[in-house]
Amino acid sequence: MKYIDEFRDGATARALGAAIARAAQSGRSYRIMEFCGGHTHAISRYGIADLLPANLRLIHGPGCPVCVLPIGRVDSAIELALQHGVILCAYGDCLRVPASAQMSLQKAKARGADVRMVHSAADALKTALDNPQRQVVFFAIGFETTTPPTAVVIEQASRLALANFTVFCNHVLTPPAIAHLLAASEPGAALPTVELDAFIGPAHVSTVIGSQAYEPFVARYRKPVVIAGFEPLDVMQAILMLVRQLNDGRAEVENQYTRAVTRSGNLKAQRIVAEVFELRSRFEWRGLGELPASALRIRERYAAFDAEQRFGLLYRPVADNRACECGAILRGLKQPLDCKVFGTACTPENPLGSCMVSSEGACAAHYSYGRYRDFAAQESA
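Residues numbered from 1 in each chain as written. Predicted model: local features only at pLDDT ≥ 70, side-chain atom pairs only at ≥ 80, totals over all residues. Heavy atoms only, no water.

Engineer: I'd like a description of the overall build of the protein, backed by residues and values.
Structural biologist: Looking only at helices and strands, one finds 16 helices and 13 strands in the protein. Relative to its length of 381 residues, the protein is compact, with a C-alpha radius of gyration of 21 Å against a globular reference of 21 Å. Projected onto the principal axes, the alpha-carbon positions of the protein cover approximately 65 × 50 × 45 Å. The buried share of the protein, reckoned over its 381 residues, is 55%. (Helix = DSSP H or I, 4+ residues; strand = E, 2+ residues; numbered from the N terminus. Rg over C-alpha atoms; globule rule 2.2 N^0.38 Å. Buried < 20%, exposed > 50% of the residue type's maximum accessible area, 1.4 Å probe, protein only.)

Engineer: So what's going on with the side chain of E79? Which residues, and what values?
Structural biologist: Mapping E79 onto the fold places it in helix α5 (residues 71–82). Lacking a salt bridge, the buried E79 has R316 as its closest oppositely charged neighbour, with an N-O distance of 4.4 Å. Each residue touching E79, except ones within four places of it in the same chain, is listed here: H84, L313 and R316. (Lys, Arg positive; Asp, Glu negative; His and termini not counted. Salt bridge = Lys/Arg side-chain N within 4 Å of Asp/Glu carboxyl O. Contact = heavy atoms within 4.5 Å.)

Engineer: Any chance you could break down helix α8 (residues 147–160) for me, citing the residues and the numbers?
Structural biologist: Helix length check: α8 (14 residues) gives 20 Å between terminal C-alpha atoms against 20 Å at 1.5 Å per residue, within 8%. Remark: A161 follows α8 within two positions and exhibits a positive phi of approximately 55°. (Expected span 1.5 Å × (residues − 1).)

Engineer: Describe the state of the cysteines, with residues and values.
Structural biologist: Disulfides are covalent bonds that connect the sulfur atoms of two cysteines. On inspection of all chains with the given rule, the structure shows zero disulfides. Of the cysteine sulfurs around C94, a residue in no disulfide, the closest is that of C64, at 9.5 Å. We classify C94 as buried; its relative accessible area is 1%. (Disulfide = S-S within 2.5 Å.)

Engineer: So what's going on with the pairing of strand β7 (residues 198–201)? Which residues, and what values?
Structural biologist: Of the two faces of β7, the one carrying A198 and I200 and the one carrying F199 and G201 are both buried. Where strand β1 (residues 30–36) meets β7, three bridges bridge the pair, whose relative direction is parallel. Counted as the bridge partner of I32 is A198 from β7. Bridge count for β7 against strand β8 (residues 225–227) is three bridges, and the pairing is parallel. By the bridge assignment for β8, G201 is matched with I227. (Pairing = 2+ DSSP bridges.)

Engineer: Tell me what's going on with the pattern of salt bridges, and back it up with residues and numbers.
Structural biologist: Applying the stated criterion across every chain, the model contains 20 salt bridges. A salt bridge links E195 to R31, with the nearest nitrogen and oxygen atoms 3.0 Å apart. Of the two residues, E195 is situated in the loop between α9 (174–184) and β7 and R31 in strand β1; the sequence distance between them amounts to 164 residues. Owing to a relative accessible area of 46%, E195 belongs among the partly exposed residues under this scheme.

Engineer: Quick rundown of the pairing of strand β12 (residues 289–292)? Include the residues and the values.
Structural biologist: Successive side chains on a regular strand alternate, one facing one side of the sheet and the next facing the other. Pairing of strand β11 (residues 282–285) with β12 involves four bridges; the strand directions are antiparallel. When the bridges of β12 are listed, E284 appears paired with E290. What sits between β11 and β12 in their antiparallel hairpin is a turn of three residues, with G287 showing a positive phi close to 85°.

Engineer: Give me the lowdown on the sheet that holds strand β2 (residues 56–63), citing residues and values where you can.
Structural biologist: As summarised here, the arrangement of the five strands in space is β2-β1-β7-β8-β9, forming an open sheet in which the pairing is parallel. Single-partner strands in this sheet number two, and they are β2 and β9 (253–255). Going across the sheet, the axis of each strand differs from the next one's by a mean of 25°, ignoring polarity. (Axes fitted to C-alpha atoms, helices over the stretch in contact; angles between N-to-C directions.)

Engineer: Provide a residue-level description of the nonpolar core, including the pertinent values.
Structural biologist: Among the nonpolar cores identified, the biggest contains 103 residues, and F138, F139 and F165 are the most heavily contacted of them. In terms of residue count, the dominant contributor to this core is strand β5 (residues 136–142) (six residues). Each residue touching F138, except ones within four places of it in the same chain, is listed here: C89, Y91, V118, A121, A124, T150, F165, T166, V167 and F168. Grouped together as the second largest cluster of nonpolar side chains are 27 residues, A13, I48, L52 and M241 included. (Core = buried A, V, L, I, M, F, W, Y, C linked by side-chain atoms within 4.5 Å.)

Engineer: Kindly report on the packing of α8 against helix α13 (residues 267–276), identifying the contributing residues and their values.
Structural biologist: One can describe the packing of α8 onto α13 by two numbers: an axis separation of 9 Å at closest approach and a directional angle of 55°. With respect to α13, the axis of α8 lies oblique. The way α8 lies across α13 gives a crossing that is left-handed. Residue-level inspection shows T147, P148, A151, V152 and I154 of α8 in contact with α13, the latter providing A269, I272, V273 and V276. Looking at the contact of α8 with α13 residue by residue, the class counts come to eight nonpolar, one polar and no charged. (Parallel < 35°, antiparallel > 145°, perpendicular 65-115°, else oblique. Left-handed = near helix turned anticlockwise from the far one by under 90°. Nonpolar A, V, L, I, M, F, W, Y, C, P; charged D, E, K, R; others polar.)

Keep in mind these numbers describe shape, not what the thing actually does.
Okay, here's the thing in structure tokens:
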């Protein structure tokens, strides 16, 4: 564990915090969004915000695939499980995402649906091989990190000519979402977001797509991006790099996570994704609305393994719970404590919104770590 400990050293973190405070110019503000939910979790868990100067604000972004999954897509998964009688394989966090009529996949399972938690796409494929008389559907979600494994199992199912395996594809793309946030921060946007100065770029996603994927919108919007690892010192070093870029008036893509990310990314993973998937024209994101060219669908040559086509699924958009502020939190307009039901009616055990489901969601992360500092601050005030 020594290697991990080196990236969690308290003295080094305090030194980095002091360096950030020295670099941050008085009289100006720094609004930095961590796009990835893994960074949100790290920031809350290690109290990184407490080490930063008052004029530097970290803003939670929509980079949690469970959080941005719209209700209508969860409804379709429940339809597959309850009405079509398939074995539905899903990642654990997906089971508790609230859907329409106070339903979820977990509640569908309680009503008799065959919903099974899997740890990987390969587990879903094995389920189909082990149950040749049943239709098995993999509820595939995630950003570019989890897309290649889904592509691999579709290709394997095609080679095996499996007739009982399909994928309900909900894979979404990071760069279009960041570009949308920047466009929405400009005056006159239909669905406004918070004003932003810079981004902490995601780690795992960037190992696949490479740092070059961020270069077009950095050049267009003149907002810097620094790709960071998930350890607390990674995040703090990335913040320091962003502050220095902003001070210099630069807008560049920099890579703090050099031990894992290259400019070109994982070319083998990119090739198999391009072989199996193509861009959707539009896709709804929770909180962000419909974004063009921001998600993937299965190519026609693999249509036999597309659950949407096999079962005739029709997408129906569904409004979020009115009491839930997930949409505004995902756009950076609000923080978890701004939601009236945070920590009361909405908890990780009984989530009203998706941001409280996954550990990478802003609400779940703040519930697990940040709220204790909030209570301490209130008592000392």
